[in-house]
Amino acid sequence: MSALLASFKTAFEALPTALVEAHGHGDARRGAMSAVLADGLPGHRSESWKYTSLRALSARSVVPANSVAVDVDAALLADIPSPRMVFVNSRFDSALSKIDVLPAGIEVQALSQALAGDDARASFVLGRRFERNDEVFARLNAALAGDGALVRVAADTVIVEPLHLVFIGVPAAADLGLHLRHLIELRDNAALTVVEHHLSSGSQRHLHNHLCHVHLKPGAILRHARLQDEDAGASLITRTDAVLASNTHYRRVDVELGAALSRHELNVSLQGEGARLYSGGALLADGRRHVDTRLGIEHVARDTSCELVWRGLANERGRAVFHGGILIKAGADGSAAMLSNKNLLLSDTAEIDTQPVLEIHADEVQAAHGATVGRLDESVLFYLRSRGIPAELARALLIGAFLREPLALLDDSVVADALAARLSLRLGQTGVSG
Amino acid sequence: MLKIENLHVRVAGKDILKGLSLEVKAGEVHAIMGPNGAGKSTLGNVLAGREGYEVVEGSVSFEDKDLLAFEPEQRAAEGVFLAFQYPVEIPGVNNTYFLRAALNAQRKYRGETELDSMAFLKRVREKLSVLHLKDELLHRAVNEGFSGGEKKRNEIFQLALLEPKLAILDETDSGLDIDALKAVADSVNLMRSPDRAFLVITHYQRLLDYIKPDVVHVLADGRIVESGGPELALQLEEHGYAWVKDRIAPASA
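Residues numbered from 1 in each chain as written. Chains lettered and ligands numbered in written order. Predicted model: local features only at pLDDT ≥ 70, side-chain atom pairs only at ≥ 80, totals over all residues.

### A short note on the pairing of strand 12 (residues 261–270) of chain A
All names here are of chain A. Of all the ten residues making up strand 12, nine are buried; the element is thus mostly covered by neighbouring parts of the structure. Where strand 10 (residues 235–244) and strand 12 come together, ten bridges link them in parallel fashion. By the bridge assignment for strand 12, Leu236 is matched with Ser262. Summarising the sheet, strand 12 and strand 14 (residues 290–299) pair through ten bridges and their orientation is parallel. Across the sheet, the residue bridging to Arg263 is Asp292, located in strand 14. (Buried ≥ 20, exposed ≤ 12 C-beta atoms within 10 Å, placed from the backbone. Helix = DSSP H or I, 4+ residues; strand = E, 2+ residues; numbered from the N terminus. Pairing = 2+ DSSP bridges.)

### Some words on the environment of Met1 of chain A
Residue and element names in this part refer to chain A. The topology assignment puts Met1 in the segment before helix 1 (3–13). When the C-alpha atoms of Met1 and Ala172 are compared, they prove to be 25 Å apart, with 171 residues separating the residues in sequence. If we skip the residues at most four places from it in the chain, Met1 touches Ala6 and Leu37. (Contact = placed C-beta atoms within 7 Å.)

### Some thoughts on helix 7 (residues 178–191) of chain B
Taking 1.5 Å of rise per residue, 14 residues should cover 20 Å, and helix 7 of chain B covers 20 Å from first to last C-alpha, within 8% of that figure. Turning to helix 7 of chain B, the residues buried within the fold contact helix 4 (117–131), helix 6 (148–162), strand 10 (197–202) and helix 8 (207–210) of chain B. (Expected span 1.5 Å × (residues − 1).)

### Side note on the nonpolar core
In this structure, Leu244 and Leu313 of chain A together with Ile168 and Val200 of chain B are the most contacted members of the largest nonpolar core, which totals 202 residues. The biggest single contributor to this core is helix 9 (residues 391–404) of chain A, with eight residues. In this structure Leu244 of chain A touches Leu216, Tyr250, Val268, Ser269, Leu270, Gln271, Gly272, Ala275 and Leu277 of chain A, once residues within four positions along its chain are discounted. (Core = buried A, V, L, I, M, F, W, Y, C linked by C-beta atoms within 7 Å.)

### Examining the sheet that holds strand 16 (residues 319–328) of chain A
Residue and element names in this part refer to chain A. Across the sheet, nine strands lie side by side as 3-4-6-8-10-12-14-16-18; this open sheet has mixed pairing. One side of each edge strand has no neighbouring strand; the edge strands of this open sheet are strand 3 (106–110) and strand 18 (351–360). Taking each pair of neighbouring strands and ignoring which way they run, the sheet shows an average axis angle of 5°. Relative to strand 18, strand 16 runs parallel, the two sharing ten bridges. Residue pairing across strands places Phe322 opposite Thr354, the latter belonging to strand 18. Against the sheet, helix 7 (residues 136–144) contacts strand 6 (177–186), strand 8 (207–216) and strand 10, and its axis sits at roughly 90° relative to strand 8. (Axes fitted to C-alpha atoms, helices over the stretch in contact; angles between N-to-C directions.)

### Some thoughts on the packing of helix 6 of chain B against helix 7 of chain B
Residue and element names in this part refer to chain B. Contact geometry of helix 6 with helix 7 gives a least axis separation of 10 Å together with a crossing angle of 5°. Taken together, helix 6 and helix 7 sit at an angle that is classed as roughly parallel. Contacts between helix 6 and helix 7 pair Gly149, Lys152, Arg153, Ile156 and Ala160 from the former with Ala180, Ala183, Val184, Ser187, Val188 and Met191 from the latter. Of the residues that constitute the contact of helix 6 with helix 7, the class distribution is seven nonpolar, two polar and two charged. (Parallel < 35°, antiparallel > 145°, perpendicular 65-115°, else oblique. Nonpolar A, V, L, I, M, F, W, Y, C, P; charged D, E, K, R; others polar.)

Listed below in structure tokens is the structure:
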């Protein structure tokens, strides 16, 4: 058994019985843990982990977060307005959170609070089983997660102010293994904007494992932005499973700026007629960072659509991996799928792996996908320089414009501008150049 | 202001300019005419500093400085402007932002104070009104979705805003209808001054009906083969470039 799995086994054995058994999920947790131990970590032969090696990670040990209060750099939260839920080293921090005053129709609760209560409906997602042996982190999450964000919006309720979910990693005596499980549920015709922030208060090499469930009932509209600006030493495994009922809109943008390793699986099932997904992201893989995004989009119902706009950049010894999987099932007639993945490869030692995979089993489908890997356009650079803009600034301008493109999918200029500002700041900090 | 001596330029292993000499004084408008493939655009590009243009011999001085030693952005800040034959589209880079970045980068290079957004916009509006361009242009990405004519007018707008000492117009007239051509020519004429020189590169004589040159040069096979007054352009129009070839053939034989 790898050191990593051994350390998770130890962590599982140390979980309080009350947590394991809460809401009758004891068997599910034990089952998930034993499945992890039986199947082990996926290696390079596993199709879904072919381009992201877990070897380095598997040799490490992590421990669970303890309950000792930790200090958080206040500046991290200065620009994040209420309502917000703040989690520090995976634990809900009620003092830093601001959810006392919420608009009518939205319910927000920490998973830890729900588990401590007696309303089993609050944590129904915990009963879900993960059958595939490459779903190791979802299983680990199912076994070990004790906290997370539970968000519900009532039918016909439009929440105007964005809800911010803030996850802060803080250095600890040992590297931590942190598991969070989230549920965002919008009832019929509800609308909400969620902004996730993954930040770090100091250098840390924790392993962050997020599993987020998104349930959109008919007519619901969710805008979901995720800013991943983790510490350069951190490892982040994120999985989002979204289920879209009829006439829903899921607008989602992921901006990946930090972490040593960031792997995101975004699975969206378009199950109701007229469901629409708009998903995009910017993957910044510089330094020695490894950024991997894996889309699993499934058109189940008729007249569903997805528009996917992803941009990647690899520089120095960074590696950006993108898998755009779209499956149009039999019966999903009249569906439309558009995938665009463009990448900038800015050094000879960087790597980009992009793989659009489109599988169609329905009729009258419109599908288009394109993936490119290239360098900055020299003729455009020359144009900018011929107007007096120094080469370095010209490159930064072009890179910024390239990576910002997906942000428009959010259809929310305030949130998009805030993400763009973080992106610019990050590009300025590292002086990304070609 | 600009002095080119015996310039030899190679592009992709091929000799394009083969001993071009030219002197342009402040306040003058020079037209460079010539058949396709003569090296007209190469001249504009090599002056602006585009990569891939190898100077194998000769010199270019601009205000007594070695122009060829400068990076493209330095040449711009020194006062050289190239209006592109094919302006590129830059999706995602806002036109206003781009113009301000360009202007302020040049000002910084010259040791001038940078313009704040208020002062910058004031200047932009002045230039826009002179050119009869719409504000809307400013909110779009650089040249993105612009028609051919809009792109060319945007070049001239940049020229007006950046106020270079030497403006090189590389076939700015190509692809313009007569109204757009007049508008571009009007703008250029407004900018003529004793301190500013223009190098107008064109294949056709018609632009020179509206921008009256002081000197017309004929560029053929990488060299200036004939120079004269505005009447030279008319002769070319009448006889075609074959006429020039005939005239130079005996001399080079």
